[in-house]
Amino acid sequence: MPSSVAVAAVTFDRPGELAVLLNAINSQTAPVESICLVDSGTIPARDVAESHKNVDYIRSEANLGGAGGFSLAVLKAMASGARWIWMMDDDAEPGDPECLATLIQEAESRDLEAVVPLVLAPGEPDWLSFFFRLDGKVTHSRAEVEKIGFLPNNGHFFNGALIRSDVFFKVGLPDIRLFIRGDEVDFTIRLRKAGIRFGTVTTASITHPHALSETQHVFGPRWHVIVPEGAFKRYYYYRNRGYLIRRYFRVKSLVADVGGYLGYFLSRGDLRGLRDWFRAFSLGLRGKGFARLEDQNF
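Residues numbered from 1 in each chain as written. Predicted model: local features only at pLDDT ≥ 70, side-chain atom pairs only at ≥ 80, totals over all residues. Heavy atoms only, no water.

(A) Fine view of the nonpolar core. Core analysis: the largest hydrophobic core is formed by 33 residues, its most contacted members being V7, W86, M88, L100, L103 and L162. Looking at this core element by element, the count peaks at 5 residues for helix α4 (residues 99-110). One finds V10, C36, A77 and F168 within the second-largest nonpolar core, a separate group that totals 27 residues. (Core = buried A, V, L, I, M, F, W, Y, C linked by side-chain atoms within 4.5 Å. Buried < 20%, exposed > 50% of the residue type's maximum accessible area, 1.4 Å probe, protein only. Helix = DSSP H or I, 4+ residues; strand = E, 2+ residues; numbered from the N terminus.)

In structure tokens, the structure reads:
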């Protein structure tokens, strides 16, 4: 079958970044048949979308979050009949015009059902936006990861991930209950459980705003916690961590989170931060706290 590709993209009030992304996608040497774009923003980006003939613009008056937006965009991309779905957030950008062609080549040569590029920090090409754990230690160094060449069963979804369309029939769509933060972790776990062949290749890259400041080390370099900026992101991250620990019975993650966050907040005397973490995390552990955005009361 030909390697037909449809993009599944989401946007929320970033018209400038979206314009850059759409231009970069349509400058790829490998053709993109359609760009299925879900817009949940407060100000519609229809004008930006309609400047490209291959954009299938979907306006969502409800904020579906990243997970809901990607689910809708993926379904629309699958309906186009494309063999591959290329996932993109509006603040991502392919590293060069060969990015998609390289991903297709790597997927076919390695017999992969999903392939992920390196995600680089904008303006800092030597640094990864999201860490990898190598030999038990966290690293954001591009050079260290590039030495490995290919990381099987590992990758940062969804930005830049190229996924064969039939994979979604095997593992399902992103879980809209998670809204933001954690939906990509849940999807990765499902890929592994289903035996999907996937991995990260170091020969292709995209840029995406980094999360370097979120990684906080406790008790040395081998133990860390993630503390997102802003109460909104922290609530969803903590709640979703608790939920995923419950859903997949992740005992090691439970021990790491309880010990790590206790150590982090108590060492700083941040009792309010500890309280907020416990409230959101315990909601997730109990499978509670899921509702529409306006009903969350985070």
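(B) How the structure looks around the environment of D175. Structurally, D175 can be placed in the loop between α6 (167-171) and α7 (183-193). With a relative accessible area of 11%, D175 lands in the buried category. Between the C-alpha atom of D175 and that of G66, which follows or precedes it by 109 residues, the distance is 9.7 Å. Side-chain polar atoms of D175 contact the side chain of R247, separated by 3.3 Å. (Polar contact = N/O pair within 3.5 Å; in protein donor to acceptor, adjacent residues only side chain to side chain.)

(C) Structural detail: a nonpolar patch on the surface. On the surface, a nonpolar cluster with roughly 400 Å² of combined accessible area is contributed by L254, V258, L262, L266 and L271. By the secondary structure assignment, L271 is in helix α10 (residues 271-285). (Patch = residues over 30% accessible without salt bridge, like charges linked within 9 Å, V, L, I, M, F, W, Y side chains within 5 Å. Areas by Shrake-Rupley, 256 points an atom, 1.4 Å probe, with all protein chains shown as cover. Salt bridge = Lys/Arg side-chain N within 4 Å of Asp/Glu carboxyl O.)

(D) Fine view of the packing of aromatic side chains. Taken as a whole, this structure holds 19 aromatic pairs when the rule is applied. Each ring, one from Y237 and one from Y238, has its centre 6.2 Å from the other, and the planes form 70 degrees; the classification is edge-to-face. Here Y237 falls in the buried class, since its relative accessible area comes to 14%. For Y238, a relative accessible area of 3% translates into the label buried. Pairing W277 with F281 gives two aromatic rings, centres 5.0 Å apart and planes at 20 degrees, and the pair type is stacked. Placement of both W277 and F281 in helix α10 is noted, with a separation of 4 residues, approximately one turn of the helix. A residue is classified by how much of its surface remains accessible, and W277, at 3% relative accessible area, is buried. An aromatic cluster of three or more residues is present, and its members are Y237, Y238, Y261, Y264, F265, W277, F278 and F281. Positioned above the aromatic ring of F150, the side-chain terminus of R110 is 4.4 Å from the ring centre. (Phe/Tyr/Trp six-rings, centres within 6.5 Å; stacked < 30°, edge-to-face > 60°. Lys NZ or Arg CZ within 6 Å of the ring centre and 35° of its normal.)

(E) A look at the pairing of strand β2 (residues 34-39). The buried fraction of β2 amounts to 6 of the 6 residues, a majority that puts the element mostly inside the structure. Side chains S34, C36 and V38 project from β2 onto one buried face, and the interleaved I35, L37 and D39 project onto a second face that is buried too. Where strand β1 (residues 5-11) and β2 come together, 6 bridges link them in parallel fashion. Pairing of V10 across the sheet is with V38, part of β2. Sheet topology places β2 next to strand β3 (residues 55-59); 5 bridges connect them, and they run parallel. Paired with C36 across the strands is D56, a residue of β3. (Pairing = 2+ DSSP bridges.)

The quantities given are spatial measurements derived from coordinates; they are silent on function.
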